[in-house]
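# Tertiary structure, described
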Amino acid sequence: AQTVTQSQPEMSVQEAETVTLSCTYDTSESDYYLFWYKQPPSRQMILVIRQEAYKQQNATENRFSVNFQKAAKSFSLKISDSQLGDAAMYFCARGGYFGNEKLTFGTGTRLTIIP
Amino acid sequence: DVKVTQSSRYLVKRTGEKVFLECVQDMDHENMFWYRQDPGLGLRLIYFSYDVKMKEKGDIPEGYSVSREKKERFSLILESASTNQTSMYLCASRGRGGTYEQYFGPGTRLTVT
């Protein structure tokens, strides 16, 4: 089975500081997508950022950026200038590129923001 | 904006009951998914559908079935609910092609007593 591993069940960060969430994955494919999803408490899961494996440039969305290391099969999420609204469960996910419709999710990291 | 809705946010059922969880999306998406979310286990795929009347088993289909009679609606059925099916159930949808992003509903927290 192709797996996604998030080794940090919980993380905390001071407000305005930077935090990095780790994710590694296993795949035999050369092209695929990677995602970070955010699930705030009692609220809907939303996409934070996506990375296409064939692109070498790391994706960035405002305060969120990734460090994609294809050879190492690593996909970490960096949150800069952490805000109280960033508190949530964060899930890393991998999806196929050529017609594979399924996403495989990690077990999640609960991020706490300390005021 | 894509909207995915689920029929209930909270549901309490008794062991042995037949349970229906409904999901509706408004973006004409071909693909729809049912996940189960449990602490420490992340999201696990139960079933998915890539077209009307089409379905495929995910990673944990045992004890569940699905129905997709219309493109916008995907139902998850627990034929005989058991206590180990107490969980959060998430529905998602996505279109064909593109970036494979899935859009999620708010979830149904099901308790089986």
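Everything here concerns the structure above.
A brief structural summary. Source: prediction; values computed, not measured. (Residues numbered from 1 in each chain as written. Chains lettered and ligands numbered in written order. Predicted model: local features only at pLDDT ≥ 70, side-chain atom pairs only at ≥ 80, totals over all residues. Heavy atoms only, no water.)

### What to know about the packing of aromatic side chains
Following the criterion strictly, the structure yields 13 aromatic pairs over all chains and no others. Ring geometry for Tyr25 of chain A and Tyr32 of chain A: centres 5.4 Å apart, planes at 65 degrees, overall edge-to-face. For the pair shown, Tyr25 of chain A and Tyr32 of chain A are each scored as buried. Measuring from ring centre to ring centre gives 6.2 Å for Phe33 of chain B and Tyr35 of chain B, while their planes differ by 20 degrees; the resulting arrangement is stacked. Each member of the pair, Phe33 of chain B as well as Tyr35 of chain B, is classed as buried. A connected cluster of aromatic rings, assembled from ring pairs, spans Tyr33, Phe35, Tyr37 and Phe105 of chain A together with Phe33, Tyr35, Phe48 and Phe104 of chain B. (Phe/Tyr/Trp six-rings, centres within 6.5 Å; stacked < 30°, edge-to-face > 60°. Buried < 20%, exposed > 50% of the residue type's maximum accessible area, 1.4 Å probe, protein only.)

### Regarding the state of the cysteines
Residue and element names in this part refer to chain A. This model, assessed by the stated rule, comprises two disulfides over all chains. Across the disulfide, Cys23 is cross-linked to Cys92 (sulfur-sulfur distance 2.0 Å). Taking the sign of the torsion about the S-S bond as the criterion, the disulfide between Cys23 and Cys92, at about -70 degrees, is left-handed. In this pair, Cys23 is assigned in the loop between strand S3 (19-21) and strand S4 (24-25) and Cys92 in strand S10 (residues 88-96), connecting sequence segments 69 residues apart. The exposure class of Cys23 is buried, given its relative accessible area of 1%. (Disulfide = S-S within 2.5 Å. Helix = DSSP H or I, 4+ residues; strand = E, 2+ residues; numbered from the N terminus.)

### Re the interface of chain A and chain B
Between chain A and chain B, the contact holds 22 residues from the first and 22 residues from the second. At the boundary of chain A and chain B, one finds one salt bridge. Viewed at the interface, chain B and chain A are joined by four residue pairs in polar contact (both at pLDDT 80 or more). Put simply, the parts of the chain that give the side of chain A that touches chain B at least two residues each are strand S5 (32-39), strand S6 (46-52), S10 and strand S11 (103-105) of chain A. The biggest single contributor to the side of chain A that touches chain B is S5 of chain A, with four residues. (Contact = heavy atoms within 4.5 Å. Salt bridge = Lys/Arg side-chain N within 4 Å of Asp/Glu carboxyl O. Polar contact = N/O pair within 3.5 Å; in protein donor to acceptor, adjacent residues only side chain to side chain.)

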